[in-house]
Number of protein chains: 4
Amino acid sequence: MAVVEVSITPLGAGIGVSRFVAGALRRLKESGLHYQLTPMGTVIEGDLDEILRVVRLMHESPFNEGAQRVSTQIKIDDRRDVETHTLASKVRSVEEKL
Amino acid sequence: MAVVEVSITPLGAGIGVSRFVAGALRRLKESGLHYQLTPMGTVIEGDLDEILRVVRLMHESPFNEGAQRVSTQIKIDDRRDVETHTLASKVRSVEEKL
Amino acid sequence: MAVVEVSITPLGAGIGVSRFVAGALRRLKESGLHYQLTPMGTVIEGDLDEILRVVRLMHESPFNEGAQRVSTQIKIDDRRDVETHTLASKVRSVEEKL
Amino acid sequence: MAVVEVSITPLGAGIGVSRFVAGALRRLKESGLHYQLTPMGTVIEGDLDEILRVVRLMHESPFNEGAQRVSTQIKIDDRRDVETHTLASKVRSVEEKL
């Protein structure tokens, strides 16, 4: 299991870009992958290759809505020494040590 | 108002780093700034210079706990054309377009 | 054409990680894609899907060398309104305006 | 010594942003800090607090040139277990292992 953060920003498509982010999120919703929308990106958990396949569709989405330049950031946290590596387990492991 | 995402990762300090992240978050809690812990970082809202001052303390925290190399990522979203630019308004502006 | 920056960091595999970065770069060299090694990552130009295919191999490389957790960051700059969007053209377009 | 990568992107200020990047780089040139312009950002070496002071000026630069929203990314690699941690030493430590 991997945890991946993605943020998608069209350039030259206006100061506010939330409609493009919403369009990309619709591709993610269709995939059925578990995700969390945050103020600075979207965090997804699951099989890494399936996540990257969907992120590629998300990256393409703003172009389909008229953008001509898109900056996409993908941050992969791929941990293979533990059974559980999820959105919830990552937050819990910090909160319980606060 | 700015929205800033910060993630702090000590290198060579073990595979699991949540205790270091918790230590850095304690510096943030002491500051009184409004923040949200996510699976891939911590998002903070407020005055940019105050946030950067606190993030500098957060970056130092793992060194105080024995780390010898720290990778810190800071992502600033500084928007000055609107009155409201917060953690909640950024998420709401996407969700209402889904 | 896209320009992509990738940085690969194994966690819990020592303070110095250059041997893992070198291993990942060997995958990139084998691909024949044009790239530039920088102090904070590696920048690649070419077809986006070919780049992402190779980056996936680069991400896997530290695991093949014993790492158990890898943080990989991928930053895509995908621009479709111009004929030329390369490592050289991006640097030149800034330098000529200095 | 720290090595820091910074990238500055105004949103809603056109598809091409090199004039804003050049403006920010002029602030960096004035500082005298040693840096390298790359296709995806600018890498700086030196005292961390001095670098962060200058990066704050760089972040402000696009606003002084009419931008209304700026996304700035700062990636700090702060290593304290070695005498030499520079742009050149980081690249060399990878290249010699290729």
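Because the structure is a prediction, the values reported are computed rather than measured. (Residues numbered from 1 in each chain as written. Chains lettered and ligands numbered in written order. Predicted model: local features only at pLDDT ≥ 70, side-chain atom pairs only at ≥ 80, totals over all residues. Heavy atoms only, no water.)

## Some details on the pattern of salt bridges
Summed over the entire model, instances satisfying the criterion amount to 39 salt bridges over all chains. The residue aspartate 81 of chain D makes a salt bridge to arginine 79 of chain D at a minimum N-O spacing of 2.7 Å. Each member of the salt-bridge network shares a partner with another, and the members are Asp49, Asp78 and Arg80 of chain A together with Arg56 and Glu60 of chain C. (Salt bridge = Lys/Arg side-chain N within 4 Å of Asp/Glu carboxyl O.)

## A look at the UniProt feature "domain: Thiamine-binding protein" (unreviewed entry) in chain A
Within this numbering scheme, the UniProt entry marks residues 4-95 of chain A as carrying the feature "domain: Thiamine-binding protein" (unreviewed entry). Note that residues 4-95 of chain A is 43% helix and 32% strand, and that its end C-alpha atoms are spaced 20 Å apart. (UniProt positions renumbered as here; feature names shortened; annotations may be inferred. Helix = DSSP H or I, 4+ residues; strand = E, 2+ residues; numbered from the N terminus.)

## Overview of the relation of the copies chain B and chain D
Each of the two copies of the chain can be brought onto the other by a rotation about an axis and a shift along it. You can overlay chain B on chain D at an RMSD of 0.0 Å; the transform is a turn of 180° with a shift of 0.0 Å along its axis. The operation mapping one copy onto its partner corresponds to a two-fold rotation axis. Every residue of chain B has its C-alpha some distance from the rotation axis, and the shortest such distance is that of isoleucine 74 of chain B, at 2.5 Å. Mapped onto chain D, 100% of the interface residues of chain B are again interface residues, and the two copies thus contact each other with one and the same surface. (Least-squares fit on C-alpha atoms with pLDDT ≥ 70 in both. Contact = heavy atoms within 4.5 Å.)

## Brief notes about the interface of chain B and chain A
Counting residues at the interface gives 32 residues for chain B and 32 residues for chain A. In total, about 2,700 Å² of surface goes out of reach between chain B and chain A, with carbon and sulfur atoms giving 69% of it. On the chain B side of the interface with chain A, the three residues burying the most area are Pro39, Met40 and Leu98 of chain B, jointly 27% of the side's total. Where chain B meets chain A, there are zero salt bridges. Breaking the side of chain B that touches chain A down by element, the ones donating at least two residues are strand 1 (2-10), helix 1 (18-31), strand 2 (34-38), strand 4 (69-79) and helix 3 (87-95) of chain B. When residues of the side of chain B that touches chain A are assigned to their parent elements, the largest contribution, seven residues, is made by helix 1 of chain B. Grouping the amino acids of the side of chain B that touches chain A by side-chain chemistry returns 14 nonpolar, seven polar and 11 charged. (Buried area = accessible area lost by both parts, 1.4 Å probe. Nonpolar A, V, L, I, M, F, W, Y, C, P; charged D, E, K, R; others polar.)

## Some thoughts on the sheet that holds strand 2 (residues 34-38) of chain A
Strand order in the open sheet formed by eight strands is 2(A)-3(A)-1(A)-4(A)-4(C)-1(C)-3(C)-2(C), with antiparallel pairing between adjacent strands. Each edge of the open sheet carries a strand with a single partner, namely strand 2 of chain A together with strand 2 (34-38) of chain C. Within the sheet, the average angular offset between the axes of one strand and its neighbour, ignoring direction, is 15°. Sheet contacts for helix 3 (residues 87-95) of chain A: strand 1 (2-10), strand 2, strand 3 (41-46) and strand 4 (69-79) of chain A together with strand 4 (69-79) of chain C; angle to strand 3 of chain A, the most-contacted strand, approximately 110°. (Pairing = 2+ DSSP bridges. Axes fitted to C-alpha atoms, helices over the stretch in contact; angles between N-to-C directions.)

## Some details on the sheet that holds strand 1 (residues 2-10) of chain D
Spatial strand order, 2(B)-3(B)-1(B)-4(B)-4(D)-1(D)-3(D)-2(D): eight strands in an open sheet with antiparallel pairing. Whereas interior strands pair on both sides, the edge strands pair on one side only; in this sheet they are strand 2 of chain B together with strand 2 (34-38) of chain D. If you compare each strand with its neighbour and ignore which way they point, the axes differ by 15° on average. For strand 1 of chain D and strand 3 (residues 41-46) of chain D, the ladder comprises five bridges, and the chain directions are antiparallel. The residue of strand 3 of chain D that forms the bridge with alanine 2 of chain D is glycine 46 of chain D. Helix-sheet contacts for helix 1 of chain B involve strand 1, strand 2 and strand 3 (41-46) of chain B, and the interaxial angle to strand 2 of chain B is about 165°.

## Some words on the interface of chain B and chain D
A common measure of how large an interface is: the accessible area buried when the components associate. Contacts between chain B and chain D engage 23 residues on the former and 23 residues on the latter. For the pair chain B and chain D, the two sides together bury roughly 2,100 Å², of which 45% comes from carbon and sulfur. Three residues stand out in chain B for area buried against chain D, namely Arg69, Ile76 and Arg80 of chain B, and they jointly supply 27% of the buried area on that side. Where chain B meets chain D, there are six salt bridges.

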